[in-house]
Amino acid sequence: MKENKTETLSDSVIIAEEKSLRRPNEKHYLREDGSHVVSRYGMPVHYWDEEEKRYRTVDNRLVDHGEFYENEKGAFKTRFSKTPANGDALYKLEKNGRSIVWEYIPIRKKRHFKSGSVCKQEHRERLTNHELPEVHTQGHIRYPDVSKNMDIEYTVAPMGVKENIVIKGKKLSYKVAFKLLVNGYDVEEKEDEIYFYACDTNGERISDVAEYKIPRMYMTDRAGKISYDVGYILDKQ
């Protein structure tokens with residue numbers, strides 16, 4: 001995390017944080033001689049606690065709650081399943097009574113017969129992995145082998161959840177499907193990005209600023225080469 005401190009002429013020792021001066025991207029410290037120093041960050045380190053009416057420090061550590069993992073403290077709660085192979089969603093993001101459930105859907109296969117007819121019966125391959133996901137306390141979780149030669153990993157950040165799809169085998173093309181169960185958001189697709197706008201109980205947007213977004217997709221190889229030859233299809237139902 002990038003940290004930029006304001007310049008100061010004092011070399012006095014820092015004795016405490018001035019919590020009342022907190023801002024989303026700032027921490028203020030009191031020095032022994034009465035002067036102050038400010039640390040500014042490239043992303044939010046605090047979130048506003050509506051119940052306590054104060055800024056609190058973001059803590060993205062994933063805590064084991066028995067059947068799921070959940071981030072410790074933040075502007076939203078993210079609950080990750082331990083057993084997506086049993087039909088559970090990968091994760092659920094909640095904030096102020098609104099939620100987004102993210103479920104992985106294995107690609108349906110079509111079975112071809114010698115006659116040339118196509119079996120119309122839908123077949124869903126099961127998740128191949130039945131072991132617990134790999135969890136790192138600092139907001140990172142990885143689901144190995146959710147499909148053949150593919151892992152999915154998530155990192156909880158102060159403003160949302162970052163997803164990486166890790167391909168471990170070469171194919172001519174790749175298709176990955178997810179089902180999103182959205183409650184309390186208006187979803188809009190524009191300019192290769194997907195926006196989630198918070199809504200009131202009548203379904204009206206409460207702000208013109210999106211609460212979350214899925215940015216333009218890209219992919220990288222082992223050498224770090226970036227390609228934007230990837231996209232998505234949003235099917236609202």
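What counts and what doesn't
- Residues numbered from 1 in each chain as written.
- Predicted model: local features only at pLDDT ≥ 70, side-chain atom pairs only at ≥ 80, totals over all residues.
- Heavy atoms only, no water.
- Helix = DSSP H or I, 4+ residues; strand = E, 2+ residues; numbered from the N terminus.
- Buried < 20%, exposed > 50% of the residue type's maximum accessible area, 1.4 Å probe, protein only.
- Contact = heavy atoms within 4.5 Å.
- Areas by Shrake-Rupley, 256 points an atom, 1.4 Å probe, with all protein chains shown as cover.
- Polar contact = N/O pair within 3.5 Å; in protein donor to acceptor, adjacent residues only side chain to side chain.
- Pairing = 2+ DSSP bridges.
- Axes fitted to C-alpha atoms, helices over the stretch in contact; angles between N-to-C directions.
- Salt bridge = Lys/Arg side-chain N within 4 Å of Asp/Glu carboxyl O.
- pLDDT = per-residue confidence, 0-100.

Looking at the overall build of the protein
Next, step 1: Along the protein, the regular secondary structure elements total 0 helices and 23 strands.
Next, step 2: Taken across its 237 residues, the protein has 31% of its residues classed as buried.
Next, step 3: Of the contacts formed within the protein by residues at least 6 apart in sequence, a portion of 34% connects residues at least 24 apart.
Next, step 4: Roughly 16500 Å² of accessible area belongs to the protein as shown, and the carbon and sulfur atoms make up 48% of that amount.

Describing the environment of Tyr195
Next, step 1: Relative to the helices and strands, Tyr195 resides in strand β20 (residues 193-198).
Next, step 2: Given the relative accessible area of 16%, Tyr195 is considered buried.
Next, step 3: Excluding residues within four positions of it along the chain, Tyr195 makes contact with Asp186, Val187, Glu188, Lys190, Ala210, Tyr212 and Lys213.
Next, step 4: Of the polar contacts made by the side chain of Tyr195, one reaches the side chain of Glu193; its length is 2.5 Å.

Observations concerning the sheet that holds strand β21 (residues 212-214)
What links the strands of a sheet is backbone hydrogen bonding, and the strands pair in either a parallel or an antiparallel sense.
Next, step 1: Pairing in this open sheet of 3 strands is antiparallel, and the strands run β19-β20-β21 from one edge to the other. Strands at the two margins of the open sheet, each flanked by one partner only, are β19 (185-190) and β21. Sheet twist, expressed as the mean angle between neighbouring strand axes with direction ignored, is 20°.
Next, step 2: Inspection of the sheet shows β19 paired to β20 by 6 bridges, in the antiparallel sense.

Description of the side chain of Ser99
Next, step 1: Along the chain, the position of Ser99 falls in strand β11 (residues 98-105).
Next, step 2: Since its relative accessible area comes to 9%, Ser99 is described here as buried.
Next, step 3: Among all residues touching Ser99, those that are not within four sequence positions of it are Lys92, Leu93, Glu94, Leu181, Val182, Asn183 and Tyr185.

Focus on the pairing of β11
Next, step 1: A large share of β11 lies buried, amounting to 8 of its 8 residues.
Next, step 2: Pairing between strand β10 (residues 91-95) and β11: 5 bridges, direction antiparallel. Opposite Leu93, over in β11, you have Ile100 as the bridge partner.
Next, step 3: The pairing of β11 with strand β18 (residues 177-183) spans 7 bridges and is antiparallel. By the bridge assignment for β18, Glu103 is matched with Lys179.

A word on the sheet that holds β11
Next, step 1: With respect to topology, 6 strands assemble into an open sheet ordered β7-β8-β9-β10-β11-β18, the strand pairing being antiparallel. If you trace the sheet from one side to the other, it starts and ends with β7 (59-64) and β18, each paired once. For this sheet, the mean inter-axis angle between neighbouring strands, taken without regard to orientation, is 20°.

Some words on the pattern of salt bridges
Next, step 1: In this structure the tally under the stated criterion is 22 salt bridges.
Next, step 2: The partner of Arg56 in a salt bridge is Glu52, with the nearest N and O atoms 3.8 Å apart.
Next, step 3: The salt bridge involving Asp59 is made with Arg61; its shortest N-O contact spans 2.6 Å.
Next, step 4: Note on Asp59: relative accessible area 14%, which makes it buried.
Next, step 5: Counted as one network, the salt bridges with shared partners bring together Arg142, Asp145, Asp151, Glu153 and Lys168.

Here we look at unusual backbone geometry
Next, step 1: Of note, Asp145 is a non-glycine position whose phi angle comes to about 55°, a positive value.
Next, step 2: Its location among the elements puts Asp145 in strand β15 (residues 140-147).
Next, step 3: A positive phi is found at Glu191, a non-glycine position, where the angle reads about 50°.
Next, step 4: Summarising the element assignment, Glu191 is placed in the loop between β19 and β20.
Next, step 5: Classification of Glu191 by relative accessible area gives exposed; the value is 75%.

Some words on the confidence of the model for the protein
Next, step 1: Mean pLDDT over the protein: 84, with 83% of residues reaching 70 or higher.
Next, step 2: No element of the protein has a lower mean pLDDT than strand β13 (residues 123-124), which averages 36, and none a higher one than β20, which averages 96.
Next, step 3: The low-confidence segment residues 5-9 (pLDDT under 50) makes 6 contacts with residues lying over four places distant or belonging to another chain.
Next, step 4: Note that pLDDT drops below 50 for residues 110-130; the model gives that stretch 30 contacts with residues more than four away or on any other chain.

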